[in-house]
Amino acid sequence: MEGKLDSHKLIFEKEGVYLHTNAKRSNEDTTIPGFIRIIERDGEALLEWSPVQGEGKNAPAVFYTKKDGEDGGEEETKFDPGYEPDWAVISTVKQTRAKEQQPPVRQTGQWGSFSLPLSELYSLRRARFSLGRNFMVLTSRGGHPLPPLHFHRGGTRELLRAMQRYIRLAPSPVDGRLFLAYPHDSGALSQSFDELHLFDDTGSDLVSRFIQDPYATTFGGFSKVTNFFRGALRPPESPLHGCTPAGNHAPHTADDEPGFELITCQGAELGPRPTVTRGQPLDNWEQFLDSEGRVTDPQIVKELVFRGGIIPPLRKEVWKFLLGFFPWNSTAKEREDIIRVKTDEYFRMKVQWKSVSEEQEMRNSLLRGYRSLIERDVNRTDRQNPFFSGNENPGLTLLHDVLMTYCMYNFDLGYVQGMSDLLAPLLFVTQNEVESFWCLTGFMELVHQNFEESQEAMKQQLLQLSLLLRALDPELCDYLDSQDSGSLCFCFRWLLIWYKREFPFDDILSLWEVLWTRIPCANFHLLLACAILVSQRGELIGSNHDFNSILKHINELNMKLDLESVMCEAEGIYLQMAQCKELPVRVQEVLGLYVPSSSDEESPQSEPKETDGLLSQSLARGATACQPSNPHATPRPPPTYP
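The rules behind each value
Residues numbered from 1 in each chain as written. Predicted model: local features only at pLDDT ≥ 70, side-chain atom pairs only at ≥ 80, totals over all residues. Heavy atoms only, no water. Core = buried A, V, L, I, M, F, W, Y, C linked by side-chain atoms within 4.5 Å. Buried < 20%, exposed > 50% of the residue type's maximum accessible area, 1.4 Å probe, protein only. Contact = heavy atoms within 4.5 Å. Helix = DSSP H or I, 4+ residues; strand = E, 2+ residues; numbered from the N terminus. Pairing = 2+ DSSP bridges.

## Here's the deal with the nonpolar core
Here is step 1: In this structure, Trp285, Leu511 and Leu591 are the most contacted members of the largest nonpolar core, which totals 122 residues.
Here is step 2: Among all residues touching leucine 591, those that are not within four sequence positions of it are Leu468, Cys521, Leu527, Tyr574, Met577 and Leu583.
Here is step 3: Residues Ile11, Leu47, Leu116 and Phe179 belong to the second largest nonpolar core, which totals 28 residues.

Take a look at the structure:
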């Protein structure tokens, strides 16, 4: 379809393409109908979406659309999930960006319209979940995703065909639903393949073979990784058209989207999920101590704690081992010496901030800021617990003093909101200022990166969680993607303070001692999140929640979850994945299952890399859990428990 639109050449147009907006008030429409178009303007091909005339007049703002502010800043109106202000994961923020850093998505004069040059398109992802319509997510070369475009009346295949007049779309090696955009320039295409090292032969016929038969050539190159996709190859004369089964010549409707289901990533076939039951708590500590007070078998102790927790009277002692205050191989006499040394060290640090005069503090804005945050947070931390209730409760004073002393211990990090939530259970169990402080330092060794200003560790954990969830339940991930919730930002609080505000206080004592064992893997807290999300899939998908209602529903789960069920389900998920022989390498890495083979270790090109680095690089480029397994990887057998 070609024509003229406002003196520009119209190449393609399709109506019935909706934006599912994030309306904050329930009486506003959350779907905006519109047109998707490809237009040639000033010699440049543009992909444009605009609402049906009159539809956007009273609708809420489309949140990805940027609006220039007075001083080069821009205001983003985002959803407040209902937490107290300090815990708002997403809020109204003010940002300042240099002009050249702005995404190539720009307004076209109408409310909610956007325009993206096809030359700036980096990738597109098309999918369809069984209970919803087709949708497509596009990402610019600057890494800026557009909101999902929902094709209520079909048309994705026709759009892709029209786009191929200006760019080439190649399937990603790690996700069959993801297409990478390349210019028609053959040199650039060859360079892209060279950089990916996907083909052994670098002859001059590579590009010509790709142009003649893009699917066969591309998948042929990927065959060194896996032959999984060979069954989905399309005829070269119709690269975007799905193969019709033999003997089936029935016409396709627009909603059928021929080829749609073939462009999918089945991922690894997970077997049945084992049924897991919890054991009895650790109730006899003396049996694990030798005559001098050493712990004879720390691993058995950890496994018992993981299986059933610890009875309350023993927590005060065992927690100090789990959090590194006492070495596992220390004798009773050595532990007495440790307490004496650590007590002196604690009070030396406490004196440092205690001796700062008001006049000095007036010239120390950092310390003054830490004190202000601590005083505010202490007054609202676990006040329903008798240990911290009341206005003149000594527990509040201890909470304040330990946190202020931690600022002296780790002044670079200082105090960040949420740390009071971590300390309160430690202080409640130890009933001791010095011991709770050193237990806090051990706990912070595990989670201190969560509180760093860059938030890189939190972003990384959300990426790892997305990776696990996509391997476990691709349909749920597709649904969350379609509702602008694929970032899993609603899990931020869960991971930041290890579910402290999601379960009752007594449950948190049981949960944390399980997580401190680091069994069955260091990322077991991510499997807990998977277990919770999978348990809610029927409610999320079945009730057709949108972005706002997903946040609201997840936030309302706090204090309503059954910890025993969640832990059993999380362990079952781990065992289910550990038993899968074709588990993607990146998932194995998150679960601590990946062990390079001897050939990998000997190869200079396969030196071990940090798991975080691999995940951040691959996921930043659109990789998902559908990464084929490394044929050289040796999965670890699932652990055995007493």
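More follows now that the structure is in view.
## Observations regarding the side chain of arginine 315
Here is step 1: Residue position: arginine 315 is located in helix α6 (residues 312–322).
Here is step 2: When its relative accessible area of 8% is taken as the criterion, arginine 315 is described as buried.
Here is step 3: Ignoring any residue separated from it by four or fewer positions in sequence, one finds arginine 315 in contact with Ile310, Val429, Leu509, Ser510 and Glu513.

## A short note on the pairing of strand β3 (residues 31–41)
Here is step 1: In terms of burial, β3 is largely enclosed, as 8 of its 11 residues are buried.
Here is step 2: Two elements, strand β2 (residues 8–20) and β3, share 10 bridges in a ladder whose sense is antiparallel. Across the sheet, tyrosine 18 pairs through a bridge with proline 33, a residue of β3.
Here is step 3: As consecutive antiparallel partners, β3 and strand β4 (residues 44–51) are separated by 2 residues, and within that stretch aspartate 42 has a phi angle of approximately 55°, a positive value.

## Comments concerning unusual backbone geometry
Here is step 1: Residue proline 520 is reached from isoleucine 519 by a cis peptide bond, and omega for that bond is -5°.
Here is step 2: Within the fold, proline 520 resides in the loop between α16 (505–516) and α17 (524–535).
Here is step 3: Although it is not a glycine, aspartate 382 adopts a positive phi angle of roughly 50°.
Here is step 4: Within the fold, aspartate 382 resides in the loop between α9 (365–378) and α10 (394–409).
Here is step 5: Since its relative accessible area comes to 9%, aspartate 382 is described here as buried.
Here is step 6: In this model, glutamine 455 sits at a positive phi of 60°, which is unusual for a non-glycine residue.
Here is step 7: Looking at the secondary structure, you find glutamine 455 in the loop between α12 (433–447) and α13 (456–472).

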